[in-house]
Amino acid sequence: MNRSWCSPSSDKGLDIVHKTADLLRTYGTKIILDMDDHWELGTGHSFYKYYQENRMTDFVREHVKVADGVITSTKYLEAECRNLNPKTITLPNVPNVSLYEQYSLKSVPKGKFGIGYFGGAQHEEDVELLRISMGKLSCDSSLDGRYLLALAGYNDNPVYNAYEKIFSNDAHNINYTRILAADIYSYVGGYNYVDVALAPLRRTKFNMFKSELKITEAAFMGKTVICSDLPMYADVVKDGYNGFIIPDNKKSLWYKRI
């Protein structure tokens, strides 16, 4: 049976978005689309090839157009979506701290300054920004024994093992440790083990429209941040006051701020 009609790589695949929307509306259904990220991925994103081969950018854009309403998490992404659908609003990230126990602050005896990275498996090019500084940190013997550098969310897979090579400086940093992966209802508890969180993001179009969620999580857990110089981060972080902002071309500055 020929299934090319349902593939987003074909024009008929894009048509099915409208046909499905029309069918839903015959039952009085309203279509609300929740958009977390921009639909145009950079070449360094792990899903870039898949998006190109399957015209996923066009496919997602078509969903934005046909929706009865679109929800985004930042004013920047809202503006992009409004170019396709004026019925777009922003609902800022506000964790429900009373509902989830993971947002409880806990006293964890660690005795050392804790530095942590909390990120998913699609940030290989972003973590790469830290390579130079992680090498400098590892080689600074004057700091040995005074801090712990934690890779949070560690899984034994190629991506996190690649992350680990950067954070541990190829296993040469004796101050490196792991915080093992946890489910979405408990991973925020990992912030109890650190004093500052790292939020590197390369300055790409895709990243420019991401939300400030990492800053929000750290803030609710009472932690400061060292982050990349991107609009959504600069909106909430005042450099030198409640965190540090690192320009994309200042890769050694991560080490200096730590």
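Note that the structure is predicted; figures quoted are calculated from it, not measured.

**A few points about the pairing of strand 5 (residues 147–154)**
On a regular strand, one side chain projects to one face of the sheet and the next to the other, so that they alternate.
And step 1. Summarising burial for strand 5: seven of the eight residues are buried, a large majority.
And step 2. Note: strand 4 (residues 113–118) against strand 5, six bridges, orientation parallel. Opposite F118, over in strand 5, you have A152 as the bridge partner.
And step 3. Handedness of the strand 5-helix 7 (residues 158–167)-strand 6 (residues 176–180) crossover: right-handed.

**Quick notes on a nonpolar patch on the surface**
And step 1. A cluster of nonpolar side chains, L99, Y100, I184 and Y185, forms an exposed patch at the surface whose accessible area comes to about 440 Å².
And step 2. Mapped onto the secondary structure, Y100 falls in the loop between strand 3 (88–90) and strand 4.

**Some details on the nonpolar core**
And step 1. Grouped together as the largest cluster of nonpolar side chains are 22 residues, with contacts concentrated most on M134, L149, L151, Y163, F167 and L198.
And step 2. Every element with two or more residues in this core is listed here: strand 4, helix 6 (131–139), strand 5, helix 7, strand 7 (196–199) and helix 11 (253–257).
And step 3. For this core, the leading source of residues is helix 7, giving five residues.
And step 4. In this structure F167 touches Y117, V127, L130, M134, L149, L151, N173, Y176 and L198, once residues within four positions along its chain are discounted.

**Here's the deal with the sheet that holds strand 7**
And step 1. Ordered by their spatial adjacency, six strands build an open sheet running 6-5-4-7-8-9, and the pairing between neighbours is parallel. Two strands bound the open sheet, and with one partner strand each, they are strand 6 and strand 9 (243–246). The average angle at which neighbouring strand axes cross in this sheet is 20°, direction not considered.
And step 2. When strand 5 meets strand 6, the two strands line up parallel, connected through five bridges. Its bridge partner lying in strand 6, L149 is registered against Y176.
And step 3. Lying over the sheet, helix 7 contacts strand 4, strand 5, strand 6 and strand 7, oriented at roughly 170° with respect to strand 5.

**With respect to the pairing of strand 7**
And step 1. Side chains V196 and L198 of strand 7 all project onto a buried face; the interleaved residues A197 and A199 project onto the opposite face, where all are buried too.
And step 2. Here strand 4 runs beside strand 7; their pairing, made up of three bridges, is parallel. Bridging across to strand 7, G116 finds its partner in A197.
And step 3. Note that strand 7 and strand 8 (residues 224–228) share four bridges and pair parallel. Across the sheet, residue V196 finds its bridge partner in strand 8, namely T224.

**Structural notes on the pattern of salt bridges**
And step 1. Considering all chains together, one arrives at twelve salt bridges under this definition.
And step 2. Residue E40 pairs with R61 through a salt bridge whose shortest N-O separation is 3.6 Å. Residue E40 is located in the loop between strand 1 (32–35) and helix 2 (48–53), and its partner R61 is located in helix 3 (residues 56–66); the two are separated by 21 residues in the primary sequence.
And step 3. Exposure remark for E40: the relative accessible area of 29% places this residue in the partly exposed category.
And step 4. A salt bridge links K205 to E40; the nearest nitrogen and oxygen atoms lie 3.2 Å apart. Within this pair, whereas K205 is found in helix 8 (residues 205–208), its partner E40 is found in the loop between strand 1 and helix 2, the two being separated by 165 residues in sequence.

Calculation criteria
- Residues numbered from 1 in each chain as written.
- Predicted model: local features only at pLDDT ≥ 70, side-chain atom pairs only at ≥ 80, totals over all residues.
- Heavy atoms only, no water.
- Buried < 20%, exposed > 50% of the residue type's maximum accessible area, 1.4 Å probe, protein only.
- Helix = DSSP H or I, 4+ residues; strand = E, 2+ residues; numbered from the N terminus.
- Pairing = 2+ DSSP bridges.
- Right-handed = clockwise from strand over helix to strand, strands pointing away.
- Patch = residues over 30% accessible without salt bridge, like charges linked within 9 Å, V, L, I, M, F, W, Y side chains within 5 Å.
- Areas by Shrake-Rupley, 256 points an atom, 1.4 Å probe, with all protein chains shown as cover.
- Salt bridge = Lys/Arg side-chain N within 4 Å of Asp/Glu carboxyl O.
- Core = buried A, V, L, I, M, F, W, Y, C linked by side-chain atoms within 4.5 Å.
- Contact = heavy atoms within 4.5 Å.
- Axes fitted to C-alpha atoms, helices over the stretch in contact; angles between N-to-C directions.

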